[in-house]
Amino acid sequence: MPEGHTLHRLATLHHRRFAGGVVRVSSPQGRFADGAALVDGHVLTRAEAWGKHLLHHYDSGLVVHVHLGLYGTFTESPAPLTNPVGQVRMRMIGAGRAEQAFGADLRGPTACEVLHRPEVEALTARLGPDPLRRNADPDRAWQRIHRSTRSLGSLLMDQAVLAGVGNVYRAELLFRHGISPRRRGRDLTAAEWGELWTDLVELMRIGVRRGKIVVVRPEHDHGAPSYAEGRPRTYVYRRAGEPCRLCGATVLHSVLEGRNLFWCPTCQPG
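Everything quoted here is computed from the prediction, not taken from an experiment.

Some points on the UniProt feature "domain: FPG-type" (unreviewed entry) in the chain
- Following the UniProt record, the feature "domain: FPG-type" (unreviewed entry) maps to residues 235-269 here.
- Secondary structure across residues 235-269 divides into 0% helix and 29% strand, with the first and last C-alpha atoms of the span separated by 15 Å.

Shown next as structure tokens:
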């Protein structure tokens, strides 16, 4: 599932390409036909991301909400677009504010719907602070974390606690700070949370700038290759059974609340 930096990159791209102009919106697949008709021909005023949610705001006050989920993806192409290929839930075609008009096809999202502003406000109110938003308040997350008996591995993935963090950032952030994913939230100190938040903000900003998750410090960026071709190295994510890059201990794996969990038992004791 795409993590928060991916949605922020998409929001920036869509704002640059579509905002300020009329957008033609359709649903070649048909599943979003009614929603598309409500915003088709309107001006997109802005695109933004909240955690893993993408929001397209139109001059009518309506907002298209997209959650990519596990399989959702946008493909971007210069206009005019060719005939749709596959199950295109939503197609956007801009009027071309700059030299070139663009289109975007959305396939396979978990959610693609039109919301009114009160519904958007209710959606964002359910989310924890997003480290990539300028007004994010880390204390909101801390107030939930330090009172909880749930594990940090669980809390960091809870979008109501912290918006935009997925499995990779969860695993790598805890490793970088030597914290076991099994430690309870209430056992984390305020100083530790401050360090986690600061590091998370920087890591996710790097993800936005570079278009990929980069978590391994330069002095450790050697040795065993990445878990997948074309991906940066990780410390523990998808490295179960391999030696830790720092201490050589075997990286462990388990399943927590249906998601894969990776950690080093030596570097992350407890």
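Some words on the sheet that holds strand S3 (residues 53-58)
- Read from one edge to the other, the open sheet built from eight strands follows the order S5-S7-S6-S1-S2-S3-S4-S8, with strand pairing classed as antiparallel. Of all strands in the sheet, those bounded by a partner on one side alone are strand S5 (73-78) and strand S8 (111-115). For this sheet, the mean angle separating the axes of adjacent strands, direction not counted, is 25°.
- Where S3 meets strand S4 (residues 63-67), five bridges bridge the pair, whose relative direction is antiparallel. Among the inter-strand pairings, Leu55 is bridged to a residue of S4, identified as His65.
- The strands touched by helix H1 (residues 4-18) are strand S1 (22-26), strand S2 (42-50), S3, S5, strand S6 (88-94) and strand S7 (102-107); relative to S2, the strand with the most contacts, the crossing angle is about 160°.
- The sheet contacts of helix H3 (residues 117-125) involve S2, S3, S4 and S8, and relative to S8 the element is tilted by about 130°.

Here we look at the pattern of salt bridges
- Under the definition given, this model contains twelve salt bridges.
- For Glu76, the salt bridge goes to Arg17, with nearest N and O atoms at 3.8 Å. Highlighted residues: Glu76 in strand S5 and Arg17 in helix H1, separated in sequence by 59 residues.
- The partner of Glu48 in a salt bridge is Arg133, with the nearest N and O atoms 3.1 Å apart.

Notes on the pairing of S6
- Taken across its seven residues, S6 has six buried, putting it largely inside the fold.
- As defined by bridge partners, S1 adjoins S6 across four bridges and the pair is classed as antiparallel. Bridging across to S6, Ser26 finds its partner in Arg91.
- Note: S6 against S7, five bridges, orientation antiparallel. When the sheet's bridge partners are listed, Ile93 is paired in S7 with Gly103.

Conventions we followed
Residues numbered from 1 in each chain as written. Predicted model: local features only at pLDDT ≥ 70, side-chain atom pairs only at ≥ 80, totals over all residues. Heavy atoms only, no water. UniProt positions renumbered as here; feature names shortened; annotations may be inferred. Helix = DSSP H or I, 4+ residues; strand = E, 2+ residues; numbered from the N terminus. Pairing = 2+ DSSP bridges. Axes fitted to C-alpha atoms, helices over the stretch in contact; angles between N-to-C directions. Contact = heavy atoms within 4.5 Å. Salt bridge = Lys/Arg side-chain N within 4 Å of Asp/Glu carboxyl O. Buried < 20%, exposed > 50% of the residue type's maximum accessible area, 1.4 Å probe, protein only.

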